[in-house]
Amino acid sequence: MKRFAAALIILLLATGFAFAKDYMVMKKAGSYTVQVKLDKNPPVTGLNKMEISIQDNTGANVTDAAVTVDYSMPAMPGMPAMNYKAKAELKGSRYLANINFSMSGAWNINVKITRSGKTQSVKFNVDVS
Ligand SMILES: [Cu+2]
């Protein structure tokens, strides 16, 4: 029984992200480790709040970057390509942006981090419901 409980705990830990409330992506961009969260999981048509945290290679939070989010949907039958841009504002040690998906489906997201004249990007896709 003890062994079963331990196995169950390990299973819960391993699948933890599946139960997480927020949509979350963690990626490297150059020497930065970037964590991007959306407050809706799955993301929804309309307003989603994005939270971006950036750490340098020493693990320190980066708070002096200019962060913008480009999000787009490629053209599809009856719909031209859609491209939007949001500016993320620093709040505490995180950058916050409002992302407004105008329709459901697959969107490309590109988080651009500019610091000391150099831009690094984190790209990922989301399936908007
Ligand atoms: Cu579309």
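Presented here is a report on the structure given in the accompanying data block. The shown structure was predicted, so the numbers you read here are calculated from the model rather than taken from an experiment.

Here we look at the coordination of the copper ion
Around the copper ion, the protein contributes the donor atoms Met 73 (SD), Met 76 (SD), Met 79 (SD) and Met 103 (SD), at 2.2 to 2.5 Å from the metal centre. Written as a sequence motif, the donor residues of the copper ion are M-x2-M-x2-M-x23-M. The partly exposed category is assigned to Met 76, whose relative accessible area is 35%.

Concerning the pattern of salt bridges
Side chains bearing opposite charge may pair, as long as their charged atoms lie close to each other. Summed over the entire model, instances satisfying the criterion amount to five salt bridges. Between Asp 70 and Lys 85 there is a salt bridge, with its nearest N and O atoms 3.1 Å apart. Here Lys 85 lies in strand E5 (residues 82-91) and Asp 70 lies in strand E4 (residues 66-73), a separation of 15 residues in the sequence. Owing to a relative accessible area of 60%, Lys 85 belongs among the exposed residues under this scheme. Its salt-bridge partner being Lys 112, residue Asp 70 comes within 3.0 Å of it at the nearest N-O pair. Note that Asp 70 is positioned in strand E4 and Lys 112 in strand E7 (residues 105-115), a separation of 42 residues in sequence. Classification of Asp 70 by relative accessible area gives buried; the value is 18%. On the basis of relative accessible area, Lys 112 is assigned to the partly exposed category, the value being 25%. Residues joined by salt bridges that share partners form a network here, namely Asp 70, Lys 85 and Lys 112.

A short note on the side chain of Asp 56
Within the secondary structure, Asp 56 is located in the loop between strand E3 (46-55) and E4. No salt bridge is formed by the buried Asp 56; its nearest oppositely charged neighbour, Arg 115, is found at 5.2 Å. Not counting the four nearest positions on each side in its chain, Asp 56 is found in contact with Ser 31, Tyr 32 and Val 62.

Describing the sheet that holds strand E1 (residues 23-29)
A sheet is described by the order of its strands in space; here eight strands give the open sequence E1-E2-E3-E6-E5-E4-E7-E8, paired in antiparallel fashion. Whereas interior strands pair on both sides, the edge strands pair on one side only; in this sheet they are E1 and strand E8 (118-128). Sheet twist, expressed as the average angle between the axes of neighbouring strands with direction ignored, equals 25°.

Brief notes about the environment of Met 73
Among the secondary structure elements, Met 73 is positioned in strand E4. Along the sequence, Met 73 and Phe 101 sit 28 residues apart, while their C-alpha atoms lie 9.3 Å from each other. Not counting residues within four places of it along the chain, the set of residues in contact with Met 73 comprises Met 79, Ala 81, Met 82, Met 103, Ser 104, Gly 105, Ala 106 and Trp 107.

A short note on the packing of aromatic side chains
Scanning the entire structure with this criterion turns up five aromatic pairs. Relative to Trp 107, the ring of Phe 101 lies with its centre 5.2 Å away and its plane at 55°, an arrangement referred to as tilted. Accessibility expressed as a relative area gives 1% for Phe 101, which makes it buried. By relative accessible area, Trp 107 is classed as buried at 0%. These aromatic residues form a ring-pair network of at least three members: Tyr 71, Tyr 84, Phe 101 and Trp 107.

Conventions used here
Throughout, residues of each chain are indexed from 1 in the direction in which the sequence is written. At least 70 in pLDDT is required for a residue's local features to be given in this predicted model, at least 80 for side-chain atom pairs to be given and counted, and no such filter applies to totals for whole chains, interfaces and linings, which use all residues. For side-chain calculations, the full set of non-hydrogen atoms in the structure is used, while hydrogens and water are omitted. Donors, by definition, are the N, O and S atoms found within 2.8 Å of a metal, the threshold being 3.2 Å for Na, K and Ca, and water is not counted, so a site can look incomplete. Only protein chains enter the accessibility calculation, which uses a 1.4 Å probe; a residue whose area is less than 20% of its type maximum is buried, one above 50% is exposed, and one in between is partly exposed. By definition here, a salt bridge exists when the distance from a side-chain nitrogen of Lys or Arg to a carboxyl oxygen of Asp or Glu is within 4 Å. Helix and strand assignments follow DSSP, with helices taken as H or I runs no shorter than four residues and strands as E runs no shorter than two, numbered in order from the N terminus. The convention is simple: Lys and Arg are positive, Asp and Glu are negative, and His and the chain ends are not counted. Here, residues are in contact when the closest pair of their heavy atoms is within 4.5 Å. Only when DSSP finds a minimum of two bridges between them are two strands counted as paired. Between the N-to-C directions of two axes lies an angle of 0 to 180 degrees, each axis being a line fitted to C-alpha atoms and, for a helix, fitted only over the stretch in contact. The rule is short: rings of Phe, Tyr and Trp, with Trp giving its six-membered ring, pair when the centres are within 6.5 Å, and they are stacked under 30 degrees, edge-to-face over 60, tilted in between.

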